[in-house]
Amino acid sequence: MKRNIVLAVVAAAVLAGGGTATALAVADDDGPGADDRVASAGRSGQDRADDDADDRDDRDDDRGDGRHHDRHHDGRDDDGREDDSAAASSAKVTAAEAIAAALRHTPGSVVSAELDDAVWSVEVLSSDDSWRDVRVDPGTGEVRGVRAEHEDAEDLAEARAALKGASTSAEEAARAAAAKGTVTSVELDERGWEAETLTSGGGERDWTVGLRGADVTAGHP
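Attention in this report is confined to the structure presented alongside it. From a predicted model like this one, the values you see are computed outputs, not experimental measurements. (Residues numbered from 1 in each chain as written. Predicted model: local features only at pLDDT ≥ 70, side-chain atom pairs only at ≥ 80, totals over all residues. Heavy atoms only, no water.)

## Things to note about the pairing of strand E4 (residues 109-116)
The pairing of E4 with strand E5 (residues 119-125) spans seven bridges and is classified as antiparallel. When the bridges of E5 are listed, Leu115 appears paired with Trp120. Adjacent in sequence and paired antiparallel, E4 and E5 are bridged by two residues, among which Asp117 carries a positive phi angle near 55°. As judged from the three bridges shared by E4 and strand E8 (residues 182-189), these two strands associate in the antiparallel manner. When the sheet's bridge partners are listed, Ala113 is paired in E8 with Val186. (Pairing = 2+ DSSP bridges. Helix = DSSP H or I, 4+ residues; strand = E, 2+ residues; numbered from the N terminus.)

Encoded structure:
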């Protein structure tokens, strides 16, 4: 029986390239598949290098997707702040009017008012020391809802002390700060009412309104 034996010529070429291989071809002229077949095992160093490069590319792509997700998430945060600024600019109900609406619904002393998630959030401290967050629609002035707030004894004592020495109410402070721009928040502090406004160009400014006399000065104390 005649056999054609092809020695491992291919293996030698692969080894020269830095890889490992074995080659063997055995074909039977009398049997099926009489054509010589070369079987090779192992891979060249270049093949492995190419595969490693592909793996690194895949890992880089995965990290890139994560960075893209973070940027997208940050974009949503920025959009949220821009939405509040836009709501303040287009609100038909001012901070002072929102405070007045909240007090008509829930009597007490307002300690802060802020445009939050496109709604006025007005915190009212009642005579029985209960703290309420009154939500006022910036378009209609209607109260959307009220929820209880749980402040600790220290915060309550500070608020009571500041209110005791104040002759300027939150509503009056909001009206005074409105002369500087569109008021987006007013908050009680022992040294004065802290107010934030939007300028006509969309920039934010901080102001302090006196607890007595409602004088307005730039910045917070």
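Alright, that's what it looks like, and here's the rest.
## Describing helix H4 (residues 153-164)
For H4, spanning twelve residues, the distance from its first C-alpha to its last is 16 Å, which sits close to the expected 16 Å at 1.5 Å a residue. Along H4, the positions that sit buried rather than exposed are Leu156, Ala159, Ala162 and Leu163. Mapping the buried residues of H4 onto a view down its axis gives an arc of 130°, with all of them on the same face. Exposed residues pointing more than 90 degrees away from the buried face of H4 are listed as Ala153, Glu154, Ala161 and Lys164. (Expected span 1.5 Å × (residues − 1). Buried < 20%, exposed > 50% of the residue type's maximum accessible area, 1.4 Å probe, protein only. Arc of directions from axis to C-beta.)

## Here we look at unusual backbone geometry
Residue Asp129 is not a glycine yet carries a positive backbone phi of 70°. Within the secondary structure, Asp129 is located in the loop between E5 and strand E6 (131-136). Classification of Asp129 by relative accessible area gives partly exposed; the value is 38%. In this structure, Ala214 takes a positive phi of about 60° despite not being glycine. Summarising the element assignment, Ala214 is placed in the loop between strand E10 (204-209) and strand E11 (216-218). A relative accessible area of 22% means that Ala214 is categorised as partly exposed.

## What to know about the side chain of Thr197
Tracing the backbone shows Thr197 in strand E9 (residues 192-198). The class for Thr197 is buried, based on a relative accessible area of 0%. At 2.9 Å, the side chain of Thr197 and the side chain of Trp207 are in polar contact. (Polar contact = N/O pair within 3.5 Å; in protein donor to acceptor, adjacent residues only side chain to side chain.)

## Some points on the environment of Leu156
Structurally, Leu156 can be placed in helix H4. In the structure, Leu156 is positioned 25 residues away from Trp131 in sequence and 8.9 Å away in space, judged by C-alpha atoms. Excluding residues within four positions of it along the chain, Leu156 makes contact with Leu125, Asp129 and Trp131. (Contact = heavy atoms within 4.5 Å.)

## Quick look at the pattern of salt bridges
Counted under the stated rule, the structure contains eight salt bridges. Here Arg160 makes a salt bridge to Asp129, at a shortest N to O gap of 2.9 Å. Of the two residues, Arg160 is situated in helix H4 and Asp129 in the loop between E5 and E6; the sequence distance between them amounts to 31 residues. Its relative accessible area of 30% is what places Arg160 among the partly exposed residues. Between Arg191 and Asp189 there is a salt bridge whose closest N-O contact spans 3.1 Å. Each of the salt bridges in this network shares a partner with another, and the network as a whole consists of Asp116, Asp133, Arg135, Arg147 and Glu149. (Salt bridge = Lys/Arg side-chain N within 4 Å of Asp/Glu carboxyl O.)

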